[in-house]
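Architecture at a glance
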Amino acid sequence: MGINAPLTQNLMPNKTFFWFFLPTGLAMILFIGLPIISTGIQSFYAQHDQVVKEVKKCDPFGCTVSIVVDNEETTKLREAKPLGKFNGFGTYVDRNHLAIDEIKKFWNETESFGAFVDQVTNLPFYKALIFTLTYCLFVTPNVLLLGFIIALSLNAVARKIRGPLIFGTILPMIVTPLVGSLVLFWMIDSQGIIGANIQNLMNDPYLSLKSSKTLTWITIIIYGIWHHSPFAFVVFYAALQTVPQEPVEAAIIDGASRFQRIKHIVLPHIYPVVTFVALISLMDNFRVFEPIIGFSAEGSAQSLSWLIYDNLVNEEVILFGSAAATSMMTIVGIAILLAPVLIRTWKEFKTAR
Amino acid sequence: MDYGLDRKSTSLKTFNTIFIIVWLLIACFPFIWTFWGSFKVRADFFSRSDWWYAISAFNTLIETGGKFTTDAYTQAWTEGEFWKASKNTIIVTVFVVSISLFLGTLGAYALSRSTERYAFWILIAALIFRAMPHITLVSGYLFPFFQLQIWGILPTTIVVLVAINQPFTLWLLYSFFKTVPKELDESALIDGCSYFQAFRHIIMPVMWPGVITAGLFSLMLAYNDFTVTALLLNQENHTMVPKIQSYLGTNQHEGNLMWAVSAVVSATAPLFMLVMFFQRQVISGLTAGAVKG
């Protein structure tokens, strides 16, 4: 060791680290850290109400006072305080977000618990939350399962033809979700090849994706599985290459069935990778948004990300406050999803030291 | 897992083959179908009366006199100004990839060589940043960008995409740098190199596979992005993906849906070719973080 000892302990002094890390650190602080803070601030403001004034109008029959919008004053106010008026947690609890008052009202007014749930799930935020969670809940496990089966299956074919097969398998993953969902949508739409044939088969000319909420949800979930499975496949496939041979061979000699071998040798070996894929897939699924545009499914399926998008592309005035409040709550959702992983990493980090 | 001992029964083999064929059909057929349909007229590809028209090209024959037509492509690229969108995509992609790699290699190298506690926390922070839905970040950008009057232009979008891309690039390159033995830089430092010289002349030359992989992923992010480009660019500067969406929105025009179809094919083809060429790197990138756990 001798002369090398201090180097091996910490190869890079703090000052060098700082200069190497500065550019990327600055980029992340300015364009990921600050925007989150900016979103937080915006969520406490709401767009200005229109300024109104009383106009007294007199005609031979007498005078009437009417209230009209003062456009000039409104513009002036908007320019003076572009962020809007301070609203505190007002946006968070309004009808389009947590809807506290509405829920209280429903609780007191509805007779059965079912009716209450029904009412609540019709509120925009809860509707979107439920779709987002349903999507995550159905897509993530199926992605893991399908990815694993494809990996096992491809792993069993001759090495020579695997290359092209892998290429075909990863295609759904490398296109952007908007394009992927459009390509599927054009097939299953009532005028597309699959949609038209299902209509004929069922003998129902009105059967289409848009005709039922359940069908739309199922389609988007199937799309999600189609789009994300290749990722799980690739990771599992690579992990399968590292499974040690000896225990497998020993198991075969001992007469273990194929299923037993997978359950007791292969799965335990690739377990850390399964958690990794599940986490990544969960994070990606939670931000589901582009397929809703691709499938033009806004009517029956809205996700949290879609709600934010919808506020930001609002025609008249961009609803910064509303979008920001939904964003903050989405971030809280992500934090809840990530918490178990972070806690685990923290514990491992503690014990490693 | 080619075990000499492991004999598969014929029925299992057949089942496996059928499964793979079915899966590949599900995975690839939509793309093949869209490619095929992009050379038809709308009445054929989106046929109300008979889906077989898409194959027999019934209306395409009537409308254009041939079984295949490239009308959708020519119109989308000229009249639909798809050429402008692809030009913008190229600009955005080139800049995002080069800046991402520059920042990412420096940062990831530092992270991989530091044993300080903060290096660990930076990686965790990057993981959290990676999890942020892009739309929540965009809702943070819009207002300040309007105020600073930098909304709508390409440079803003490029910087934003670079930043959004950093967490993933850092993690990916970090796992690659970890595989380069520390003894390499140590010997260079003892020989009197500065850290930057060691990085530039000793480490980077052996890092090319990792850099190519990270570059490919930055490219895919920049090329495929919809959320950021659709909301941060004005109509004039739209890249390909938001352009495709804008064709969908104006459905009244007869030709526009076919513009979208041909634009989807035009945008997807280069990506597929790239991935075909760099398949090995894509797969090593996806697994780099994973296999190590």
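In this text, all values refer to a predicted model and were calculated from it rather than measured experimentally. (Residues numbered from 1 in each chain as written. Chains lettered and ligands numbered in written order. Predicted model: local features only at pLDDT ≥ 70, side-chain atom pairs only at ≥ 80, totals over all residues.)

1. Some details on the overall build of chain A
- Along its length, chain A carries 16 helices and four strands.
- Relative to the compact-globule value of 20 Å for 353 residues, chain A shows a C-alpha radius of gyration of 28 Å, a clear excess of over 25%.
- A principal-axis box enclosing the C-alpha atoms of chain A has dimensions of 110 × 75 × 45 Å.
- Burial status across chain A gives 37% buried among its 353 residues.
- For chain A, restricting intrachain contacts to residue pairs at least 6 apart in sequence, the fraction spanning at least 24 positions comes to 67%. (Helix = DSSP H or I, 4+ residues; strand = E, 2+ residues; numbered from the N terminus. Rg over C-alpha atoms; globule rule 2.2 N^0.38 Å. Buried ≥ 20, exposed ≤ 12 C-beta atoms within 10 Å, placed from the backbone. Contact = placed C-beta atoms within 7 Å.)

2. A word on the packing of helix α9 (residues 177-188) of chain A against helix α15 (residues 256-277) of chain B
- Look at α9(A) against α15(B): their axes get within 11 Å of each other, and the N-to-C directions meet at 135°. One way to sum up the angle between α9(A) and α15(B) is to call them oblique. Judged by the twist between their axes, the crossing of α9(A) over α15(B) is left-handed. Of the residues in α15(B), those touching α9(A) at Val179(A), Leu182(A), Val183(A) and Trp186(A) are Val261(B), Val264(B), Ala267(B) and Thr268(B).
- In terms of residue class, the contact of α9(A) with α15(B) is made up of seven nonpolar, one polar and no charged. (Axes fitted to C-alpha atoms, helices over the stretch in contact; angles between N-to-C directions. Parallel < 35°, antiparallel > 145°, perpendicular 65-115°, else oblique. Left-handed = near helix turned anticlockwise from the far one by under 90°. Nonpolar A, V, L, I, M, F, W, Y, C, P; charged D, E, K, R; others polar.)

3. Some details on the nonpolar core
- Judged by nonpolar contacts, the single largest core of 158 residues is most densely connected at Phe236(A), Val138(B), Leu161(B), Ile244(B), Ala263(B) and Val264(B).
- Dropping the residues within four chain positions of it, Ala263(B) is found in contact with Ala76(B), Phe82(B), Met240(B), Lys243(B), Ile244(B) and Tyr247(B). (Core = buried A, V, L, I, M, F, W, Y, C linked by C-beta atoms within 7 Å.)

4. Remarks on the domain arrangement of chain B
Residues and elements named next belong to chain B.
- Here the domain parsing of chain B yields domain 1 (10-69) and domain 2 (76-291).
- Put simply, the middle of domain 1 and the middle of domain 2, counted by C-alpha atoms, are 33 Å apart.
- Each partner contributes to the interface: domain 1 provides nine residues, whereas domain 2 provides eight residues.
- Mapped onto the side of domain 1 that touches domain 2, the elements with two or more residues apiece are α1 (10-37) and α2 (42-45).
- Here the element with the most residues in the side of domain 1 that touches domain 2 is α1; it accounts for four residues.
- Across the side of domain 1 that touches domain 2, the residue classes break down as five nonpolar, three polar and one charged. (Domains from an automatic or database assignment.)

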